[in-house]
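Given next are the chains, with one letter for each unit.
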Amino acid sequence: MCDDRMRIILLGPPGAGKGTQAERLAARYNIPTISTGAMIRAEIRDGSELGKQTKKYIDEGQLVPDSIIMSIVESRLSKPDCAKGFILDGIPRTIPQAQKLDEMQIEPYTVLNIAVGDDEIVKRLGGRRVCATCGATYHETFNPPAKKGVCDACGETLSIRPDDAEETILKRLAVYHEQTEPLIAYYEKAGKLINILSEGGVEETAAAVQAALEVE
Ligand code: ADP
Ligand code: ADP
Ligand code: ZN
């Protein structure tokens, strides 16, 4: 794959490590990461109309409707910084979202499916700590900051995302299996899928991602 047109879709269950790998890929290839989850959380914090419309879905661990998501994605992808490539972190999450992306003709692109079992997901999301200021993500034990509870990058206090409560984690996993997992077959059929086994740690997964992209 040609570096200046690096277009990557990160697929996988909630908590698989998509955001963590996206941070590294964005720095390495100097391309933007598009995370609808992060964009919507910012809208909710700002109290915008879009934030008000979407908050209930996020709080309940449900997906935000396809029409809202795809209008956010379409306008973000039209910005000039996406011309040299981009990383879609957690988009698409449904077959209609994937079909809409295909209609938008973002080809060529590669789908990296970060495969992690449900038990490990519960551990990863249960220990996730985030920096609301700069977006950095940590894990209490698997990827801790240098100083407990403090962001390495910007020094702010880390927090737990409300939707990382155990009950909501289980709901999000059920939603994943029902609505997002069918995308694996969708992209496999299209010849775009690369599976990344992520039972190892952050570094091991990053090495697997790098190896997969170098073969492309
Ligand atoms: P995670 O990385 O833990 O999966 P995200 O930040 O990607 O979390 O998403 C958080 C929430 O935002 C999701 O549970 C869902 O409600 C909403 N969301 C984000 N992206 C999408 C999408 N592509 N389609 C529908 N809902 C989305
Ligand atoms: P996603 O964006 O898919 O929801 P994140 O990147 O936010 O996932 O990762 C979820 C949690 O798991 C975070 O606390 C992160 O530090 C941790 N994590 C990410 N990758 C790994 C890994 N390979 N091994 C162990 N923990 C990981
Ligand atoms: Zn920070």
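Student: Where do I start with the coordination of the zinc ion (ligand 3) in this structure?
Tutor: As a benchmark, a tetrahedral metal site with four donors has ideal angles of 109.5 degrees, while an octahedral site with six donors has ideal angles of 90 or 180 degrees. Only Cys131 (SG), Cys134 (SG), Cys151 (SG) and Cys154 (SG) from the protein coordinate the zinc ion (ligand 3), and they sit 2.3 to 2.4 Å from it. Around the zinc ion (ligand 3) sit four donor atoms, and with donor-metal-donor angles ranging over 97 to 117 degrees the site reads as tetrahedral. Each donor residue of the zinc ion (ligand 3) belongs to the same chain, with the gaps between them written as C-x2-C-x16-C-x2-C. Here the residue Cys131 occupies a position in the loop between β5 (128-130) and β6 (137-139), and Cys151 occupies one in the loop between β6 and α7 (166-180), the gap between them amounting to 20 residues. Here Cys131 matches Cys151 in class, with each residue buried.

Student: Help me understand the site of ligand 1 in this model?
Tutor: Of all residues adjacent to ligand 1, which total 18 residues, the nearest are Thr36, Arg41, Gln62, Arg93 and Arg172. A distance of 3.2 Å is found between a nitrogen atom of ligand 1 and a backbone nitrogen or oxygen belonging to Gly90. Here ligand 1, which alone exposes 550 Å², has 96% of that area covered by the protein. With three residues, the single largest contributor to the shell around ligand 1 is helix α2 (residues 36-46).

Student: Explanation requested: the packing of helix α4 (residues 66-77) against helix α5 (residues 95-103) in the structure shown.
Tutor: Here α4 crosses α5 at 30 degrees, and the two axes come no closer than 10 Å. The angle between α4 and α5 places the two elements in the roughly parallel class. Here α4 runs over α5; the crossing is right-handed. Residues Asp66, Ile69, Met70, Val73, Glu74 and Leu77 of α4 form the contact with α5, whose participating residues are Pro96, Gln97, Lys100 and Leu101. Partitioned by chemical class, the residues of the contact of α4 with α5 number six nonpolar, one polar and three charged.

Student: Looking at this model, I keep getting lost on the environment of Tyr109. Mind explaining?
Tutor: You can see Tyr109 is positioned in the loop between α5 and β4 (110-115). For Tyr109, a relative accessible area of 6% translates into the label buried. When the C-alpha positions of Tyr109 and Gly127 are compared, they lie 32 Å apart, and in sequence the two are 18 residues distant. For Tyr109, the contacting residues outside a window of four places in its chain are Arg7, Ile9, Asp102, Tyr187 and Lys192. At 2.7 Å, the side chain of Tyr109 and the side chain of Asp102 are in polar contact.

Student: Honestly, the pairing of strand β3 (residues 85-89) in this entry has me stumped. Any pointers?
Tutor: Side-chain direction in a regular strand flips from residue to residue, so the side chains alternate between the two faces of the sheet. The buried fraction of β3 amounts to five of the five residues, a majority that puts the element mostly inside the structure. Of the two faces of β3, the one holding Gly85, Ile87 and Asp89 and the one holding Phe86 and Leu88 are both buried throughout. With five bridges joining them, strand β1 (residues 6-11) and β3 adopt parallel strand pairing. Bridge pairing in β3 links Arg7 to Phe86. Relative to β3, strand β2 (residues 33-34) is paired through two bridges, and the arrangement is parallel. Across the sheet, Ile34 pairs through a bridge with Leu88, a residue of β3.

Student: Could you clarify how one ought to interpret the site of ligand 2 in this entry?
Tutor: With respect to spatial proximity, 20 residues lie near ligand 2, and among them Gly15, Gly19, Thr20, Arg128 and Tyr138 are the closest. Between ligand 2 and Lys18, the relevant distance is 2.8 Å, taken from an oxygen atom to a main-chain nitrogen or oxygen of the residue. In the environment of ligand 2, an oxygen atom lies 2.8 Å from a nitrogen or oxygen atom belonging to the backbone of Gly19. In isolation ligand 2 exposes 560 Å². Once the protein is present, 95% of that is buried. Secondary-structure elements contributing two or more residues to the shell around ligand 2 are α1 (18-29), β6 and α9 (202-215). Here the residues of the shell around ligand 2 are counted per class, giving six nonpolar, 11 polar and three charged.

Student: What am I meant to see in the nonpolar core here?
Tutor: A general tendency of soluble globular proteins is for nonpolar side chains to be buried together. Of all hydrophobic cores here, the largest spans 26 residues; its most connected members are Leu77, Leu88, Leu101 and Tyr187. Those elements giving two or more residues to this core turn out to be β1, α4, β3, α5 and α8 (182-189). Of the residues forming this core, the biggest block, six residues, is contributed by α4. The residues touching Leu77, leaving out its near neighbours within four places in the chain, are Ile34, Cys82, Phe86, Leu88, Leu101, Met104 and Ile106. By size, the runner-up hydrophobic cluster in this structure holds 22 residues, among which are Ala22, Ala26, Leu125 and Ile196.

Cut-offs and rules
Residues numbered from 1 in each chain as written. Chains lettered and ligands numbered in written order. Predicted model: local features only at pLDDT ≥ 70, side-chain atom pairs only at ≥ 80, totals over all residues. Heavy atoms only, no water. Donors = N, O, S within 2.8 Å, 3.2 Å for Na, K, Ca; no water. Tetrahedral: all angles 85-135°; square planar, octahedral: opposite > 155°, others 65-115°. Helix = DSSP H or I, 4+ residues; strand = E, 2+ residues; numbered from the N terminus. Buried < 20%, exposed > 50% of the residue type's maximum accessible area, 1.4 Å probe, protein only. Near = heavy atom within 4 Å. Polar contact = N/O pair within 3.5 Å; in protein donor to acceptor, adjacent residues only side chain to side chain. Areas by Shrake-Rupley, 256 points an atom, 1.4 Å probe, with all protein chains shown as cover. Axes fitted to C-alpha atoms, helices over the stretch in contact; angles between N-to-C directions. Parallel < 35°, antiparallel > 145°, perpendicular 65-115°, else oblique. Left-handed = near helix turned anticlockwise from the far one by under 90°. Contact = heavy atoms within 4.5 Å. Nonpolar A, V, L, I, M, F, W, Y, C, P; charged D, E, K, R; others polar. Pairing = 2+ DSSP bridges. Core = buried A, V, L, I, M, F, W, Y, C linked by side-chain atoms within 4.5 Å.

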